[in-house]
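Each chain is listed here by its residues.
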Amino acid sequence: MNSTHPPVLVVGAGPAGLVVALTLLQNGIPVRIIDKDPNPRIGQRGPGIWQHSFELFNFLNVPEVNELAKPFPTIRSYKHGTMEFATESLTTQHVEPTPTIPFHVPKMIGQQLLDVILRRHLEKFSCSVEMGTELRSFEQSDEGVMAVLAKNGILETFNTKWVIGADGARGITRDDVRLVMGDIRLRGVGLDRAYWHRFGTFKRGVSSRPTDEISEDGWQFAIIDLDMTKVAQSEELIFEIIASTIPTEITFNKLVWVSEFRANIRMVNKFSEGRVFVAGDAAQYGLNSSIQDAFNLGWKLALVDKGLADKSLLETYNAERLPVISEMLEMTTTILNQALKTDSMTAARTPILFMLGINYRFSNIVLDEFAIPGKPINAYGVLDEEHLEAGDRAPDAPNLAYDTSVVRSAVVLPSSASVTSVASPADLVFVDQEGHGYSAYLVETGQTRVFVIRPDGVIGAIVHGAEGVKKYFSGIFLNV
């Protein structure tokens, strides 16, 4: 195999593909990333970013996502056939900021802008997306993968070690709920751009959300109709439905982008086969779950490709993410059914959607010497700050630094201690002056617990001391 070839081929340059590519590049793994579309994607698509995903972008040092994203607007629902609004409601449940949750507010950013941000970060590593390049076929062996690519009608054989498919698998979908979503430029008398407007019901209606990412008269619209056919293919029909549903004078400027979506209850039964992986699908699972798939895979593949971890570590990608996605699809299907039944999004304001309670307590590469074994799997849980186990999201502790080396050790002392009085072999020694660390990790003064935090911000281990640390790392690294 040609050693000059990047060891990883990423197929698909949506959010999942860009996140896994950036994760690998930041860990010193060269990447080739291709996309079959000739031009970068346009469209807001699914713009909601949950709190856990902002933490992911923070780990990747991509602050622009949080800086440029906008808060969810209040939804105005209108009385039938009028511009008199019946209710105003928050899109998400209000959460007070705490030291343990630095990103406490979900926000919105269009995927077109998100892709631009992530591409710019790839370019810092001299990596750019090869547009108009399609994966036609591949064959894998114990040593690597031989991929056949096509661009402008010319075939290329590309030898690599790993292939990550992030281009969106297509499969069985629910046919009973259809949603035409797109970006449009229009002006409507009385359509206040401070609000997200909803006309009709969840079974048949139109919603419009203002977004300056398109233009000063830009809106993301959604048309919901159980009996809709071929609407997405007709600009004239889209204009007609919007004009007939929103009872005000509307001047249409331009249909920027449109696509048809269907509520989905399907999932693949595995995320990997040998050296080939599937990393999320924003169209099927949603943006947030997709990029978290990608991040989970990225750090593990980096360790394996560097020869620091055994290939078996990659099996935990499938083992950890499948239960999460399975529970997520079950939960969101329940929320959708409830919305259709009640014509209300109250069920969607559950804090479980913030993803802060996602955990891998069941994973065979986490170790907790304090937890009670045998608990049922609840991978997509609700955050419980009064309880903490290995496999949970690591709470944030302000004013305690972290490092991006493969492994760094730190001692965190209570506020009553003095750094000068402590002799420690650790790389870093901190005094928890404000008590955030001890409080978030539920450690009382005088107790000693060792926490191992994984690269994806998950607690890998909670142990008593050195023997537990060695036991944990023996399940991750070679030659421990």
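Shown above is the structure to which this text applies.
This write-up is about the structure you can find in this document. Treat the numbers as computed from the prediction; the structure is a model and nothing was measured. (Residues numbered from 1 in each chain as written. Predicted model: local features only at pLDDT ≥ 70, side-chain atom pairs only at ≥ 80, totals over all residues. Heavy atoms only, no water.)

What follows concerns a nonpolar patch on the surface. Taken together, Leu 308, Val 406 and Val 407 make up a surface patch of nonpolar side chains, about 230 Å² in accessible area. If you trace the backbone, Leu 308 turns up in the loop between helix 6 (287–305) and helix 7 (315–342). According to the relative accessible area criterion, Leu 308 is partly exposed, its value standing at 32%. (Patch = residues over 30% accessible without salt bridge, like charges linked within 9 Å, V, L, I, M, F, W, Y side chains within 5 Å. Areas by Shrake-Rupley, 256 points an atom, 1.4 Å probe, with all protein chains shown as cover. Salt bridge = Lys/Arg side-chain N within 4 Å of Asp/Glu carboxyl O. Helix = DSSP H or I, 4+ residues; strand = E, 2+ residues; numbered from the N terminus. Buried < 20%, exposed > 50% of the residue type's maximum accessible area, 1.4 Å probe, protein only.)

Bringing the packing of helix 1 (residues 15–26) against helix 6 into the picture now. Contact geometry for helix 1 and helix 6: axes closest at 8 Å, N-to-C directions at 25°. Our classification of the angle between helix 1 and helix 6 gives roughly parallel. Seen along the crossing, helix 1 lies across helix 6 with a hand that is right-handed. In contact with Pro 15, Ala 16, Val 19, Val 20, Thr 23 and Leu 24 of helix 1, helix 6 contributes Leu 287, Ser 290, Ile 291, Ala 294, Phe 295, Leu 297, Gly 298, Trp 299, Leu 301 and Ala 302. Across the contact of helix 1 with helix 6, the residue classes break down as 13 nonpolar, three polar and no charged. (Axes fitted to C-alpha atoms, helices over the stretch in contact; angles between N-to-C directions. Parallel < 35°, antiparallel > 145°, perpendicular 65-115°, else oblique. Left-handed = near helix turned anticlockwise from the far one by under 90°. Contact = heavy atoms within 4.5 Å. Nonpolar A, V, L, I, M, F, W, Y, C, P; charged D, E, K, R; others polar.)

Another point: empty space enclosed by the protein. Here the structure, examined in full by the defined rule, presents three cavities of 30 Å³ or more. Volume-wise, the largest cavity comes out at about 160 Å³. Lining the largest cavity are 13 residues, and of these His 52, Gln 292, Phe 295, Asp 456 and Val 458 lie nearest its centre. Element by element, the count of residues in the lining of the largest cavity is highest for helix 2 (residues 51–59), at four residues. In terms of residue class, the lining of the largest cavity is built from six nonpolar, three polar and four charged. (1 Å grid on protein atoms, 1.4 Å probe; cavity = no way out; pocket = protein on both sides within 12 Å on 5 of 7 lines; lining within 4 Å. Points joined across faces, edges and corners; volume = space filled by probe spheres on them.)

Below, the discussion takes up the sheet that holds strand 7 (residues 107–108). Ordered in space as 3-7-4, the three strands form an open sheet in which the pairing is antiparallel. Both edges of this open sheet fall to strand 3 (48–49) and strand 4 (70–71), since each of them pairs with a single strand only. As defined by bridge partners, strand 3 adjoins strand 7 across two bridges and the pair is classed as antiparallel. The residue of strand 7 that forms the bridge with Ile 49 is Lys 107. (Pairing = 2+ DSSP bridges.)

Right, let's get into helix 1. Compared with an ideal rise of 1.5 Å per residue, which puts 12 residues at 16 Å, helix 1 spans 16 Å between its outermost C-alpha atoms and is within 8% of the ideal. Here helix 1 lies mainly inside the structure; 11 of its 12 residues are buried. Among the residues making up helix 1, those that are buried are Pro 15, Ala 16, Gly 17, Leu 18, Val 19, Val 20, Ala 21, Leu 22, Thr 23, Leu 24 and Leu 25. Where helix 1 is buried, its residues contact strand 1 (8–11), strand 2 (31–35), helix 2, helix 4 (111–123), strand 12 (162–165) and helix 6. Looking one or two residues past helix 1, Gly 28 carries a phi angle of roughly 80°, positive in sign. (Expected span 1.5 Å × (residues − 1).)

Inspection of the secondary structure puts Arg 321 in helix 7. Arg 321 gets classed as buried once you look at its relative accessible area, which sits at 1%. For Arg 321, the side chain forms a polar contact with the side chain of Tyr 360, separated by 2.9 Å. When sequence neighbours within four positions are dropped, the list of residues in contact with Arg 321 reads Phe 271, Ser 289, Gln 292, Asp 293, Asn 296, Ile 358 and Tyr 360. (Polar contact = N/O pair within 3.5 Å; in protein donor to acceptor, adjacent residues only side chain to side chain.)

A few words on the sheet that holds strand 2. Across the sheet, six strands lie side by side as 8-2-1-12-19-18; this open sheet has mixed pairing. Because the sheet does not close on itself, it has two edges, and the strands there are strand 8 (130–131) and strand 18 (272–273). Judged from the four bridges that link them, strand 1 and strand 12 form a sheet pairing that is parallel. When the bridges of strand 12 are listed, Val 8 appears paired with Trp 162. Its contacts with the sheet place helix 1 against strand 1, strand 2 and strand 12, and it is angled at close to 170° to strand 2.

As a further point, take the nonpolar core. For soluble globular proteins, the rule of thumb is that nonpolar side chains tend to be buried together. Of all hydrophobic cores here, the largest spans 79 residues; its most connected members are Val 8, Leu 24, Ile 33, Phe 57, Leu 122 and Ile 164. When residues in this core are grouped by element, the largest group, 10 residues, is from helix 6. When neighbours within four sequence positions are excluded, Leu 24 is seen to be in contact with Val 8, Ile 29, Val 31, Ile 164, Gly 298, Leu 301 and Ala 302. Judged by nonpolar contacts, the second largest core, of 19 residues, contains Val 180, Ile 238, Ile 241 and Ile 246. (Core = buried A, V, L, I, M, F, W, Y, C linked by side-chain atoms within 4.5 Å.)

Each pair of aromatic rings is reported with the distance of its centres and the angle of its planes. A complete count under the given rule lists 13 aromatic pairs for this structure. Members of the aromatic cluster, each reached through a chain of ring pairs, are Trp 162, Phe 271, Phe 277 and Tyr 317. We note Arg 76 situated over the ring of Phe 85; from NZ or CZ to the ring centre the distance is 4.0 Å. Geometry around Trp 219 places Arg 193 over its ring, the cationic atom sitting 5.1 Å from the centre. (Phe/Tyr/Trp six-rings, centres within 6.5 Å; stacked < 30°, edge-to-face > 60°. Lys NZ or Arg CZ within 6 Å of the ring centre and 35° of its normal.)

Turning our eyes to something else, we now look at unusual backbone geometry. One non-glycine residue, Asn 61, lies in the positive phi region at around 60°. Turning to its location among the elements, Asn 61 is positioned in the loop between helix 2 and helix 3 (64–68). Phi is positive for Leu 442, which is not a glycine, with a value near 55°. Given the relative accessible area of 33%, Leu 442 is considered partly exposed.

Packing of helix 6 against helix 7 leaves a shortest axis separation of 10 Å and a crossing angle of 170°. As far as their axial angle goes, helix 7 and helix 6 are roughly antiparallel. Note on element contacts: helix 7 touches helix 6 through Thr 316, Tyr 317, Glu 320, Arg 321, Ile 325 and Met 328, opposite Ser 289, Gln 292, Asp 293, Asn 296, Leu 297 and Lys 300. When grouped by side-chain class, the residues that make up the contact of helix 6 with helix 7 number four nonpolar, four polar and four charged.

With that settled, the discussion passes to helix 7. Relative to the 40 Å expected for 28 residues at 1.5 Å per residue, helix 7 spans 41 Å between its end C-alpha atoms, a close match to the ideal helical length. Along helix 7, the largest kink reaches about 25° and is centred on Arg 321; proline Pro 323 follows within four residues of it. Looking one or two residues beyond helix 7, the residue adopting positive phi is Asp 343, at roughly 55°. (Bend = angle between axes of the 7 residues up to and from the residue.)

So, on to the environment of Arg 321. Sequence separation of Arg 321 and Leu 297 is 24 residues, and the distance between their C-alpha atoms is 9.3 Å. At a separation of 2.5 Å, a polar atom in the side chain of Arg 321 contacts the side chain of Asp 293.

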